[in-house]
Structures are given as structure tokens and as C-alpha cells.
Amino acid sequence: AKRVYLFDQGSKDDRDLLGGKGANLCEMTKLGLPVPFGFVITTSTCREFFEAGNRLPILLEQEYRIALDLVEKKMGARFGDPENPLLFSVRSGAPVSMPGMMNTILNLGLTDEITAGLAKKTGNPRFAYDSYRRFIQMFADVVLGIEGDKFEQEISRYKQQHNKKLDTDMEAEDWQHIIKIFKELADFPQDPFIQLRMAIEAVFLSWHTPRAVVYREMNNIPDTLGTAVNVQAMVFGNFGDDSGSGVAFTRNPSTGEHEFFGEFLFNAAGEDVVAGIRTPEPIEALRERLPEVYDELHRTQVLLEQHYRDMQDIEFTVQERKFYMLQTRSGKRTGRAAIKIAVAMVNEGVISEKEALLRVSPEHVEAFMHPMIDPTAKSDIVASGLPASPGGATGVVVFSADEAVEVAAKGNKVILVRRETTPEDIHGMKVAEGILTQHGGMTSHAAVVARGMGVCAITGCSSLHIDYQKGEAVAAGGVTLRRGDVITLDGAAGEVMLGEIPKIEASSGEDFQILLSWADKHRRLKVRANAETPEEARKARELGAEGIGLCRTEHMFFEAERIDHMRAMILSESQEERTHYLDKLIKYQHEDMLELFKIMDGLPVTIRLLDPPLHEFLPNSTEEMRALAERIGKSFEKIREASENLSEVNPMLGFRGCRLSVVYPEITDMQVRAIIGAAAEAMEKGFSPFPEIMIPLVINVREIRLLADIIDRSVYQVHRDKGISIPYKIGTMMETPRACLGADRLASEVEFMSFGTNDLTQMTYGFSRDDAGRFIPEYLNKKLIENDPFVSLDQRAVGRLMEMAVKESRARKKNIKYGICGEHGGAPQAIRFCHHLGLDYVSCSPFRVPIARVAAAQANV
Ligand code: PEP
Ligand code: MG
């Protein structure tokens, strides 16, 4: 097949073959824009190169020499001719934008002799020798693999010795000296054709640099794509004061404002702009000094944006007042800009609503909703962990929930630092700006609760060693964080930094609402929220949740005096005593449920029966046990004994879920009477409650029958007492492999089913949710797994169980309602999967609801 394409032989649709950069150079040539001519060597040639053991195909050189002849004709100069030299830039370009591969080589084709010729022809020796030394530097760095720093050191030394400050102080003779020194550092080919061949090989080989490999892994880019090589005639921004290089965006990439936005550096090569050695001037400087050039640039950017129908990021060069386009691509943008641009372009009639939805990534929506660490801010990262809950937070370090409350009460922002968190830390988590834990994964208590509250959190920061006694945390790098120190968390990156780091505030606004309304119009999946407190429920509704998909009732029993009644109930020694405390608990449960029904008026509220092992409610330390003994009038011994009896070797696989209802039906009865009683009261007050009672951790249909029986009886009691009839549904969670394997039988007895993918993942893998954080990083390092399955839904195995379950259930009961309420319910990739499985809804933490709405639409357009 054809291996070499001239710029007038391809188009923007040839990305796969010519790479993104090459395809766009061809497209711009086709549009008649002033693109310095050149050719592209295809990505399939790259694959050929690898297959042949890193050897270029024999005929390749002949092919590109023919192309090169044509470029020479077009440019009116010759490669390797000292009288009238043509020089090239050589750049990599993959089908998807991919930082980390080879940088550009500029001025390829210069040798001692040709540089002298160039100096003579241009009458600009300073320019010629500066170009030559730049070329040697780049060639040595990216082709010969010599450390670039060595060269920079030589330049600095020379400047010092000769009392020169800036590059612009250097004359032709100075650069000639430098070149002499450089050539001692590198064995540098004096044949332009050898230079070209070596550069092409280097571009291909750069596909496998560690940085590029890591980037591909992170972004799921196949290793097999390969890169193209762009060989383009050079133009010179460093030719003099009427030359220069610039980059520009067709709209403002940080605000999305429809304004041309760019920077320009006079008398400089493109790489000077990118490298940030000199500070570029705003594009207005070009308008003032070279107005005709500016006009052409402006016309070009308008044309490119219209043609590509997206905001473009362009690179251009001016040589002696002549304008050249070097690159165009769709521009990277902040979340705010992405949303603004997408909405504006629909209003301008450029794109459709569906296209607009695809232009906004979940990261964009997320960045939009939380304060974000300013990416340009300098920072010292002292430790890193899992990005458990996004956002940026600064505050003083505290090591306990009580301390958090105390310090926050004085008007300070606090970061709660714990080995891990438990429900007993809730009061501290509530007042914290951010939460940092040493242990725990993405579904640990800290992560789940923080996401629910919309508070920034980093979990599993195992390089931190926390000593509560001393009130300090020592990072593996040696830095010690003490109580009262100010730190900043970047929840999106999982990074802990010293001091206060500037942030970009969260925003909201009209454009966001418009985009979300389009998402609602174009999605099939419904989106609910996992919520149990009134604040969470309100937030969820405000953010567009269409009901509650999971209310974890256990979270309702941890507040102040409630926990004591809960504990007393658990520690009861007689049925009578237990009933006494259950009667107290029912009041709380009733109040809470009533609030939720009011807030979710007209929408379904899925309430899950008590799920955690009872031991989780009991105090851990001897002091706490003593204090409790005093408060509830039991002996310390009794409490300790009960705690020992309830403690389990594998609590996550233990006495929990519906197993609790099997042994303590009276707890279930209490919960159901509270739920239905509250629904009755809500109804009396004019609200429309839709309670859905959900049974956790089911393994077979007999459990469901037993529990449904308990539930129906308790409901009946309330109906009879109140003389009212509440519509309610009974459903099951799908959290055990066994439930998925027998889904049809379960389906026959319930009205809805909801995947609890946290437990389903735990049990499919046999990885404990609470402890997997200790080895998952090593599994990822050693590439034994591709992703943390608690973060990205494992479609291969867990997904297969889900697929089987849905198929079998629907075969038995065609329209059975199906949802997901594990943490994956808020992850875009899992949402897409659930859409294709044909689920009815996803349920996620309130702050992820907008992301889920967008992701559900993206899966459907
Ligand atoms: C689950 O297991 O996915 C689930 C939603 O329940 P929990 O996280 O409360 O165990
Ligand atoms: Mg569960």
C-alpha cells in the first residue's frame, strides 16, 4: 500500500492512516490555506516497522524521495543544496492526540556547509547559526538520546563567560562557538538524507517511550495504532522582527467566551512559545504591528472553526510578514468552557443538541461542579492516594472528628485526617472541607460518605503514616504533617499538598441547565440518587434526581442519642427489652422517612432494610464501652461480652443484609411500620409518597418469600390501624453471584431489582471492599488487573453476571424494573453499559446526578 501521502493527497477523515496532525495538515492544504508543503508517512508504515523488528521498509526511502522532489518544486528550494537549502520539521502524529511521544525536530537538513550557505543566502548569519544549534540540540536529544540539559549548561556557561544575558544578545559568532562545543558532545551526521532517515526511525520508536505507553494505558488507547511521521518544509519565525510564532484558540479555552484568544512571540521559533522561555505577548500586539498578517490570521481562524464545527487550537508562524498555518486541532478546554461552547454552538446553528452532548465529557461536568485546584499553581505534593471524591480543599489538619468540630466551630476550615473513617466520625466529616484517609478504597466508608456529601476526599493514601497519639502524619517522602498545619487536597487527582493552593471556584449557571435539559430530552435511563439525609435528598432533587434509588437506613441510626438506643436494642437480653428500644427507634425512623417522602414528593423512594453487621454499631474502645455502660445502665462486662460475641472474622461476608431480618424479624417489622407509617402521614398531609422496600444481600427466593411475608404483615398492620392504603413495592438487591445465577426465580417474587455492584464486585472477585486497598495498587502496577474493579465496573465478569440476571429475570417477568445502586451507578462507562443492558435507572450520589444525566444521554445518542 501507499506509504507516503503528500499534503494535497489526504483529508481530515484520514486520521487513522495519517494521524490527527497529518490529516489536518492535508485538510488545511485542501482548504487553500498557506500551509508549508510536505508529506506524511502513514501509521501502517509504523506498524510495518515494528513487525520487521524496528526496520524501515526497503522501498520507503524511494517513496519519500519522490514526494520530497515534489515538495522541493512547490517550495522552490532543495533539500541538501547549500545554495538554496530546503529544511524540514519532522513530527510524530498519532490517530488520537497523545502527549509523551517524540517532540518536534526543527531545521532538519542543516549541516556545517549548508548552514554557511543559508547564512549567505539570507544575509542573516545570526539566524542561520541559531537555527543550526537548535537543530543539533533537538536532534541530539530526541534522535541520539543525549540529555538536553548538557547543551543548556554549555549555553549558560558561555553566556556567563561572555557576559551575555538573553538569547537575543548572542551573535552569529557566539552561536558558532556553541556549535563547536556541541559537536564534541554528539556524533552528528553531516548528510541530510541520513538525518531524515534517523529522524523517521526515532519518531516510530518514540511510540514505545514509557511516557507514551503509560498515557495509552491510562486512556485505553490501543498499542497497535502506531504513529504517522509529518515531514514539513520549514518556515522561520526567528527570521527577524517582522517574523514570529503564535498559538491561538478560536474561543477562550478557560471561559468559553466567544472571543479570539491567542499569544504571539516576535522573532521566535514555535518551540519558544511552547517552552515558555520568553513570555509571549497577547495577540493584539500582532494586530498593532503587522495588521495585514493579523487580518489573515483572523480570517483563517473563523474559517477553521466553521469548517471543523468546533473550537480550534491553532499554531502559526510569520516569516517576513508572510503568514503560515502549521497546525489545527480541536482545542482542550476547561469544564466551564466546554459547556459554554457546546451551548453557544447549538444556538449559533453550528451543531445539534446531540453533538453538543458529546462535546462535554463527564470530567468537564465534574470540574464544573466542584472547586478545582488551579492547574497552573505550583505545588509540593507530599503524598498521593485514591481520588475518592473530587474537588479541591484547603484547611488545617485535625486527627479526630471531635477535634474537627471544635476547630471548625472557631471558624477554621479543617481537613480531617484519619487512618480510616467509621460512622462514628460523621459529625467530623460533616464540618470538614476535605477528608484524607490512610486506608480504604474507592468504596470505603470515607469515600462513599464524602461523595454523598460532595466533600473532597482522598482515601488509601498508604504512603502516609498516621500517629494519633503524637498528632502527626509522616509521609513516605519524609514530610511530617502536624495537627494545625495547613494542607490542600486535590480530590480529583488524589494529591496532598502543603499550604494553601489557589483554586478555581465551582460554577453553575444557565448554560449548564440548558445542557442538562438536552441530556434529559435525549436519554432513556432514569437517574436516581443514593441519599438518606434530608440535605442529601434536597440536593439530589435540585440536581435533577428522579427519586431515591438507595436509602441506606443504617446511616439514620448514628446520630447523637439514636446510636445509644440502637446499641441498647442490640444489647437487649429479652424480647421485652428489645421491643422497648425498637419502639424508640421507630420514632426516629418515622421522622426521617417522613422528611424524605416530603422532599421526594411524587417520586419513588427506595428504602433498603438494615444491612451492616450489628457489631458495626457497637463502640470500639474500652473507654467508650464504659461510657456507654453508664449511659444505658448496663455493666461494662455485658457490653464487652456482647461485642466479642458479635465480632466476626469476615464481617463483610457475615451476619448482615437480609440475614439480620431472618434472625431478628422484629427489626424489620419496626422498619417497615416506620416506613409505611411515615408514608401514611405524608399522604394525609397531601404528599404523594412511593415507598419501595428493598431487601439486601439476597441469595435465594425463599429469603424473599420469608421477608416479603414479614413486610406484608407489618404493612397490613399500619393500613388497618390508620385506615389507609399506601401503594408500596417490594424489591431485591442483586449483590451476590448466587442471586444473579438464579435471577429468574427471584424475579417471580419481586417488583424491582437493583444491582449492588459494590458487594457483587467484592463477592465476584473475593476481594474485601475494606481491605483490597492494600494490594490493588500492586495488582495495577504488575498489570494483573487493568482497573480497580471497585472504581470501574468489571464488564467481563461482574457485567456478565448482570447481563445474565437481566436476561433471565426479563424472560420470567417481561417488564420487571431494574436498576443499579452500587458506586458504579455514577461512573459514565458503567452507565453506558447499564444503558445497553436495558436497565431502567441508575442511582448514584447526589453530586454525580448531573454527570449521570449527561452520561445516560451520551449512551443514547
Ligand atoms: C452495594 O453493595 O453495591 C450497595 C449499594 O450496598 P452497600 O454499598 O451499602 O453495601
Ligand atoms: Mg451492598
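Here, residues in each chain are numbered from 1, in the same order as that chain's written sequence. Chain labels run from A onward and ligand labels from 1 onward, assigned in the order the entries are written. Totals for whole chains, interfaces and linings use all residues, but because this is a predicted model, local features are given only for residues with pLDDT of at least 70 and pairs of side-chain atoms are given and counted only at 80 or more.

Undergrad: Even after reading the chapter, I still don't get the nonpolar core, so can you show me in this structure?
TA: Buried together is how nonpolar side chains tend to be arranged in soluble globular proteins. Here a nonpolar core is just a set of buried residues of the types Ala, Val, Leu, Ile, Met, Phe, Trp, Tyr and Cys, joined wherever their C-beta atoms sit within 7 Å. Put plainly, a residue is buried at 20 or more neighbouring C-beta atoms within 10 Å of its own, exposed at 12 or fewer, and partly exposed in between, counting only other residues' C-beta atoms, which are placed from the backbone. Counting 256 residues, the largest nonpolar core has Ala342, Ile415, Leu416, Ala450, Leu515 and Val842 as the members making the most contacts within it. Secondary structure elements follow DSSP: runs of H or I of four or more residues count as helices, runs of E of two or more count as strands, with numbering from the N terminus. If you tally residues by element for this core, the top one is helix α5 (residues 125–143), at eleven residues. Contact between residues is assigned whenever the C-beta positions, reconstructed from backbone atoms, fall within 7 Å. The residues touching alanine 450, leaving out its near neighbours within four places in the chain, are Ala388, Ser389, Met429, Ile435, Val455 and Ala457.

Undergrad: Got a minute to help me understand the sheet that holds strand β6 (residues 105–108) in this structure?
TA: What holds strands together in a sheet is hydrogen bonding between their backbones, with the strands either parallel or antiparallel. Read from one edge of the open sheet, five strands run β1-β2-β7-β5-β6, paired in antiparallel fashion. Of all the strands in the sheet, the pair left with one neighbour each is β1 (4–6) and β6. Strand-to-strand twist in this sheet, taken as the mean axis angle between neighbours without regard to direction, amounts to 20°. Across four bridges, strand β2 (residues 38–41) lies against strand β7 (residues 228–233) in antiparallel orientation. Residue pairing across strands places isoleucine 41 opposite valine 229, the latter belonging to β7. Here the rule is simple: two strands pair whenever DSSP picks up at least two bridges between them. Orientation is described by axes fitted as lines to C-alpha atoms, over the contacting stretch for helices, and by angles from 0 to 180 degrees between their N-to-C directions.

Undergrad: Just to check I follow, could you spell out the site of ligand 1 for this structure?
TA: We call a residue near a molecule or strand when the C-beta position, derived from backbone atoms, sits within 6 Å of it. Surrounding ligand 1, one finds Leu550, Arg552, Asp611, Glu735, Gly756, Thr757, Asn758, Asp759, Cys821 and Gly822. Each residue gets one of three labels, nonpolar for Ala, Val, Leu, Ile, Met, Phe, Trp, Tyr, Cys and Pro, charged for Asp, Glu, Lys and Arg, and polar for the others, Gly among them. Each residue belonging to the shell around ligand 1 can be placed in one class, and the counts come to two nonpolar, four polar and four charged.

Undergrad: Explanation requested: the sheet that holds strand β30 (residues 729–734) in the structure shown.
TA: An order of β26-β27-β28-β29-β30-β31-β32-β33 is seen for the eight strands of this closed barrel, with the pairing classed as parallel. This sheet shows a mean twist of 25° between the axes of neighbouring strands, independent of strand direction. As judged from the five bridges shared by strand β28 (residues 604–608) and strand β29 (residues 690–695), these two strands associate in the parallel manner. From the neighbouring strand, isoleucine 607 faces β29, where its bridge partner is isoleucine 693.

Undergrad: Even after reading the chapter, I still don't get the pairing of strand β18 (residues 434–437), so can you show me in this structure?
TA: Moving residue by residue along a regular strand, the side chains alternate between the two faces of the sheet. Of the two faces of β18, the one carrying Gly434 and Leu436 and the one carrying Ile435 and Thr437 are both buried. In this region the chain leaves strand β17 (residues 414–418), passes through helix α17 (residues 426–431) and returns to the parallel neighbour β18; the handedness of that crossover is right-handed. The sheet contact formed by β18 and strand β19 (residues 456–459) spans three bridges and is parallel. Within β19, the residue paired with glycine 434 across the bridge is cysteine 456. Traced from β18 through helix α18 (residues 445–453) to β19, the parallel crossover comes out right-handed. Clockwise travel from the first strand over the helix to the second, with the strands pointing away from the viewer, marks a crossover as right-handed.

Undergrad: What should I look at first to understand the packing of helix α4 (residues 112–122) against α5 in this one?
TA: Packed helices, taken two at a time, are described by the angle between their axes plus the distance between the axes. The N-to-C vectors of α4 and α5 enclose an angle of 150°; their axes lie 8 Å apart at closest approach. Judged on the interaxial angle alone, α5 and α4 are roughly antiparallel. As α4 packs across α5, the resulting crossing turns out to be right-handed. Residue-level contacts link Thr115, Leu118, Ala119 and Thr122 of α4 to Pro125, Phe127, Ala128, Tyr129 and Tyr132 of α5. Across the contact of α4 with α5, the residue classes break down as seven nonpolar, two polar and no charged. Note that the term roughly parallel is reserved for angles under 35 degrees, roughly antiparallel for angles over 145, roughly perpendicular for angles of 65 to 115, and oblique for everything else. In this scheme the crossing of two helices becomes right-handed for a clockwise turn of the near helix relative to the far one and left-handed for an anticlockwise turn of less than a right angle.

The values are spatial; any link to function lies outside them.
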